[in-house]
Every structure is written in structure tokens, then in C-alpha cells.
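# Examining the three-dimensional arrangement
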Amino acid sequence: MIVIGYSADPYGWAALEHGIAEARRRDTSVLVVNATSGEAYADPRFATPGQVHDVEDLLRRSGVDYELSQPVGVDTARELLAAMERPDAELLVIGLRHRNPVGKLLLGSVAQQVLLDCPKPVLAVKPE
């Protein structure tokens with residue numbers, strides 16, 4: 001199984017496309033995780049129902065078996081790392097955005113935590 005860390009932006013879409021391509025290459029399924037802490041009134045990275053429809057439409061058209069998870073009230077990095085603990089999880093695909101050093105220091109980084117703590121391979125991609 002390929003675990004895809006999806007956010008409702010171009011970085012998440014890039015992760016989705018690359019994750020689907022990896023699933024096809026490996027003849028396996030995907031688990032799309034779109035998580036939010038729920039701390040903010042609105043989280044722009046958490047997919048709306050319309051965006052979820054678009055994601056599911058792409059997944060259906062791709063022909064890969066999939067599962068979509070949208071947990072609320074969780075730490076995104078921990079949620080992705082927990083998904084990678086599943087025995088059938090082979091690869092984690094995440095979108096990588098450019099952050100300056102001060103932004104990383106003050107806000108932390110889901111990608112950085114996942115890259116450092118994931119016990120299995122991680123593919124970090126950028127939109128074209």
C-alpha cells in the first residue's frame with residue numbers, strides 16, 4: 001500500500017498524482033490521508049466536500065484500489081507515521097513546499113518530522 005499525505009493545494013495534488021503512479025508501478029492500493037488538528041476555524045489544507053469529490057474521481061479513474069481518511073483533531077505528522085506502521089504500508093508520498101529557515105524554526109514542519117521519523121521510504125515531491 002502507498003500512503004499519500006494529501007493537502008488541498010498543489011503540493012497535495014502532486015503527492016496524489018505521484019502516489020497513484022507508484023501504486024500502479026507496484027500493483028498495490030493507496031491510502032490517502034488528509035488530516036487536520038481542528039485547532040483553527042478553517043484549515044485551508046483540509047479538503048472540502050468538493051475537493052474530496054475531485055480526489056475520489058481521480059482515484060476511481062486511476063483504477064487503483066483506495067481508501068480516503070480525513071481525521072480531525074489529530075497531529076498530521078503522527079497520523080501519517082501511524083499509517084506507515086501498518087504492515088502493508090510500503091511507501092509514504094508527501095508534497096514538499098519551500099520554507100525558509102525561520103519558518104521551519106517557528107512553525108515546525110510536518111514534512112521534516114515525517115522525513116526524520118518514518119521507518120519506511122518517503123517520496124517527497126513538488127508540483128511542476
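I will try to describe carefully the structure that is included in this document. Computed from a prediction, not measured in an experiment: that's the story for all the values here.

As a further point, take the sheet that holds strand E4 (residues 91–95). Spatial ordering of the open sheet is given by E3-E2-E1-E4-E5, a layout of five strands whose pairing is parallel. Single-partner strands in this sheet number two, and they are strand E3 (66–69) and strand E5 (122–125). Sheet twist, expressed as the mean angle between neighbouring strand axes with direction ignored, is 20°. Looking at chain direction, E4 and E5 are connected through four bridges and run parallel. Among the inter-strand pairings, Val93 is bridged to a residue of E5, identified as Leu123. In the packing of helix H1 (residues 10–26) onto the sheet, contacts are made with strand E1 (2–5), strand E2 (30–33), E4 and E5, and the angle to E1 comes to roughly 175°. Along the sheet face, helix H2 (residues 49–62) touches E2 and E3 and points at about 165° away from the line of E3.

We now examine unusual backbone geometry. For Asp27, which is not a glycine, the phi torsion comes out positive at approximately 55°. Looking at the secondary structure, you find Asp27 in the loop between H1 and E2. Taking relative accessible area as the criterion, Asp27 reaches 72% and is therefore assigned exposed.

Moving on, we get to the nonpolar core. Membership of the largest hydrophobic core comes to 20 residues, with the highest contact counts inside it found for Ile2, Ile4, Tyr6, Leu16, Val30, Val32 and Leu59. Counting residues per element, the ones that place at least two in this core are E1, H1, E2, H2 and E4. The leading source of residues in this core is H1, at five residues. Setting aside residues up to four positions removed in sequence, Ile2 forms contacts with Gly19, Glu22, Ala23, Arg26, Thr28, Ser29, Val30, Leu31, Leu91 and Val93. Counting 16 residues, the second-largest nonpolar core is a separate cluster that includes Val3, Ala83, Met84 and Ala89.

What counts, and where the lines are drawn
Per chain, residues are indexed from 1 in the order of the written sequence. Given that the model is predicted, a residue must reach a pLDDT of at least 70 before its local features are reported, and side-chain atom pairs must reach 80 or more before they are shown or counted; all residues, however, enter totals for whole chains, interfaces and linings. Just so you know, side-chain values use all the structure's heavy atoms and leave hydrogens and water out. Note on pairing: DSSP must find at least two bridges between two strands before they are called paired. The secondary structure listing takes helices from DSSP runs of H or I that are at least 4 residues long and strands from runs of E that are at least 2 residues long, numbered from the N terminus. Comment: axis = line fitted to C-alpha atoms, over the contacting stretch for helices; angle = value between 0 and 180 degrees taken between N-to-C directions. Throughout, a contact is declared for two residues whenever any of their heavy atoms are within 4.5 Å. Using a 1.4 Å probe on the protein chains alone, a residue whose accessible area is under 20% of its type maximum counts as buried, one over 50% counts as exposed, and one in between counts as partly exposed. In plain words, nonpolar cores are sets of buried Ala, Val, Leu, Ile, Met, Phe, Trp, Tyr and Cys residues tied together by side-chain atoms within 4.5 Å.

Read these as layout, nothing more, since geometry by itself doesn't imply function.
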